[in-house]
Amino acid sequence: TPLEGSKYFCERLRKAIESTTFTNGNDSIRLTISLGFAMTENGESITAKELVRRADMALYKAKHEGRNRVAGYDPYFDKAFRNKTLTIEPRKKVG
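It should be emphasised that the depicted structure is a prediction, and the values quoted were computed from it without experimental measurement.

A. Layout of the overall build of the chain. Along the chain, the regular secondary structure elements total three helices and four strands. Along the chain, helices (α) and strands (β) appear in the sequence α-β-β-β-α-β-α when read from the amino end. Of all 95 residues assigned to the chain, the portion counted as buried reaches 19%. The contacts of the chain with a sequence gap of at least 6 include a subset with a gap of at least 24, amounting to 44%. In the structure as shown, the chain presents an accessible area of about 7500 Å², 53% of it carried by carbon and sulfur atoms.

Okay, structure coming up:
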């Protein structure tokens, strides 16, 4: 399905970045990313702005679940986030 294909693509991208060492001269670093994605439901008509907002909400969900994650849009998470019934812990500083 398109949903599975989108998640598969995002996972491949996440894994490719995770397994890459980025170098610049003598410096090198390994990175991880979190990704959020959104799609429309069959027959659903929304604006591009709403689709981007949903993808952004999916990114918040991925970050809420931890580092180095992929998450699709979840209307229940969206509602909890907007109603402020979802607690998001502040990130701990790295290094």
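B. A look at the packing of helix 2 (residues 48-65) against helix 3 (residues 75-82). Look at helix 2 against helix 3: their axes get within 10 Å of each other, and the N-to-C directions meet at 85 degrees. Overall, the two elements helix 2 and helix 3 adopt an arrangement that is roughly perpendicular. Contacts between helix 2 and helix 3 involve Arg 53, Met 57, Tyr 60, Lys 61 and His 64 from the first element and Phe 77, Asp 78, Phe 81 and Arg 82 from the second. Tallied by class, residues from the contact of helix 2 with helix 3 come to four nonpolar, one polar and four charged.

C. Expanded view of helix 3. For helix 3, every residue scored as buried is listed here: Phe 77, Asp 78 and Ala 80. Taken end-on, helix 3 shows its buried residues confined to a sector of 170 degrees, consistent with a single buried face. Set apart from the buried face of helix 3 by more than 90 degrees, the exposed residues are Tyr 76, Lys 79 and Arg 82. The inward-facing, buried residues of helix 3 contact helix 2. Looking at where helix 3 begins, the residue whose side-chain oxygen comes 2.9 Å from the main-chain nitrogen of Tyr 76 is Asp 74.

D. Highlighting the side chain of Asn 68. Mapped onto the fold, Asn 68 is located in the loop between helix 2 and strand 4 (70-72). Polar contacts involving the side chain of Asn 68 include one to the side chain of Arg 14, which spans 3.2 Å. A distance of 2.7 Å separates the side chain of Asn 68 from the side chain of Glu 18, its partner in a polar contact. When near neighbours in sequence (up to four residues on either side) are disregarded, Asn 68 contacts Arg 14, Glu 18, Thr 32, Ile 33 and Ser 34.

What counts and how
- Residues numbered from 1 in each chain as written.
- Predicted model: local features only at pLDDT ≥ 70, side-chain atom pairs only at ≥ 80, totals over all residues.
- Heavy atoms only, no water.
- Helix = DSSP H or I, 4+ residues; strand = E, 2+ residues; numbered from the N terminus.
- Buried < 20%, exposed > 50% of the residue type's maximum accessible area, 1.4 Å probe, protein only.
- Contact = heavy atoms within 4.5 Å.
- Areas by Shrake-Rupley, 256 points an atom, 1.4 Å probe, with all protein chains shown as cover.
- Axes fitted to C-alpha atoms, helices over the stretch in contact; angles between N-to-C directions.
- Parallel < 35°, antiparallel > 145°, perpendicular 65-115°, else oblique.
- Nonpolar A, V, L, I, M, F, W, Y, C, P; charged D, E, K, R; others polar.
- Arc of directions from axis to C-beta.
- Polar contact = N/O pair within 3.5 Å; in protein donor to acceptor, adjacent residues only side chain to side chain.

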